[in-house]
Amino acid sequence: WTVSESTTLTADTTVDALTVEEGVTLDHNGYKLYCTSLAGSGTITSSDINLATPSGTVTSSPDTLYSSTTPQMLFDNDTGTRALLQKVNLPFAVTYDFGVGAEMTINKYKIYGPSSNATRGPKVWTLDGSTDGDVWTSLDTQSGVTWSNGQNKDFPFSNTSVYRYYRITITDSSDTSTKFSGPFLELNEIQFFGPGELHVNVPADSVATVGSLTIS
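Residues numbered from 1 in each chain as written. Predicted model: local features only at pLDDT ≥ 70, side-chain atom pairs only at ≥ 80, totals over all residues. Heavy atoms only, no water.

A. Broad picture of the nonpolar core. Judged by nonpolar contacts, the single largest core of 31 residues is most densely connected at F75, F92, Y109, W125, I168, I190 and F192. Where this core is concerned, the elements lending two or more residues are strand 8 (83-86), strand 9 (92-97), strand 10 (108-112), strand 11 (122-130), strand 14 (165-173), strand 15 (184-187) and strand 16 (189-193). Dropping the residues within four chain positions of it, I190 is found in contact with L74, F75, V94, K110, I111 and I168. (Core = buried A, V, L, I, M, F, W, Y, C linked by side-chain atoms within 4.5 Å. Buried < 20%, exposed > 50% of the residue type's maximum accessible area, 1.4 Å probe, protein only. Helix = DSSP H or I, 4+ residues; strand = E, 2+ residues; numbered from the N terminus. Contact = heavy atoms within 4.5 Å.)

Written out as structure tokens, the structure is:
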């Protein structure tokens, strides 16, 4: 199978030998690619793309946070903004809506913890997915999580289903201080990721062959 222009590959395909010509990029389009070898010139790179953009709809319960912070700040692609909530108001449930026709398969998320007071980071939470915003499926549960100042953490989980809504419900942080009307829950950013992306990049005047390529 020879590809001479950029293309989107489909699922449930196995290719014994894929020849990629100059300047071609292969995109998995939300599916997972397994590639065991690359002969000739070229490089294989893989990356995660944050699928949650500021244009998505963010709601939370409670919807009023502390000190002019908002739940929308968790999905604004700015790790310098934050959501801050007094623990007396927990649980804190924040929902991201990808919108009609933009549903996504998510199998990993990243949380950016507090920048200066690590004990305020989320300690116990659940992640759920929904197609309609009413019926929810449990996808991941975390407990006893600790943070360092400015730390971010990845949380991969098993999921192949497509959901429009993803909801994180946080029930505890480690903060016990009463300073500034504390104790608090604080986090700076949430990012959602799909199965990943694989690119085969071929330099000019060369051809690369990808062996044993499986798209699932």
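B. The arrangement of the packing of aromatic side chains in detail. Under the criterion given, the structure shown has 12 aromatic pairs. Taken together, a centroid distance of 6.0 Å and an interplanar angle of 90 degrees make the contact between F98 and Y166 edge-to-face. Within this pair, whereas F98 is found in the loop between strand 9 and strand 10, its partner Y166 is found in strand 14, the two being separated by 68 residues in sequence. Judged by relative accessible area, Y166 falls into the buried class, the value being 0%. Seen in terms of ring centroids, Y109 and F157 are 6.0 Å apart; in terms of plane orientation they differ by 55 degrees. Their pairing is tilted. With Y109 in strand 10 and F157 in the loop between strand 13 (152-156) and strand 14, the pair connects residues that are 48 residues apart, well separated along the chain. Under the relative-accessibility criterion, Y109 is labelled buried at 0%. Three or more aromatic residues link up through ring pairs in this structure, and these residues are F75, Y96, F98, Y163, Y166 and F192. Seen from the ring of W147, K153 lies directly overhead, with NZ or CZ sitting 5.2 Å from the centre. (Phe/Tyr/Trp six-rings, centres within 6.5 Å; stacked < 30°, edge-to-face > 60°. Lys NZ or Arg CZ within 6 Å of the ring centre and 35° of its normal.)

C. Broad picture of the sheet that holds strand 12 (residues 137-142). Pairing within the open sheet is antiparallel, and its 5 strands lie in the order 7-9-14-11-12. Where the open sheet ends on each side, the last strands, each with one partner, are strand 7 (57-61) and strand 12. Neighbour to neighbour, the strand axes of the sheet diverge by 15 degrees on average, direction disregarded. Relative to strand 12, strand 11 runs antiparallel, the two sharing 5 bridges. Note that in strand 12 the partner of G129 across the bridge is T137. (Pairing = 2+ DSSP bridges. Axes fitted to C-alpha atoms, helices over the stretch in contact; angles between N-to-C directions.)

D. Molecular detail of the side chain of Q142. Along the polypeptide, Q142 turns up in strand 12. On the basis of relative accessibility, which here comes to 18%, the residue Q142 falls in the buried class. At 3.1 Å, the side chain of Q142 and the side chain of D140 are in polar contact. Excluding anything up to four places from it in sequence, Q142 contacts Y109, K123, V124, W125 and F155. (Polar contact = N/O pair within 3.5 Å; in protein donor to acceptor, adjacent residues only side chain to side chain.)

E. A look at the pairing of strand 16. Among the 5 residues in strand 16, 5 count as buried, and that is most of the element. Burial along strand 16 is two-sided: E189, Q191 and F193 and I190 and F192, pointing in opposite directions, are all buried. The pairing of strand 10 with strand 16 spans 5 bridges and is antiparallel. Bridged to K108 within strand 16 is F193.

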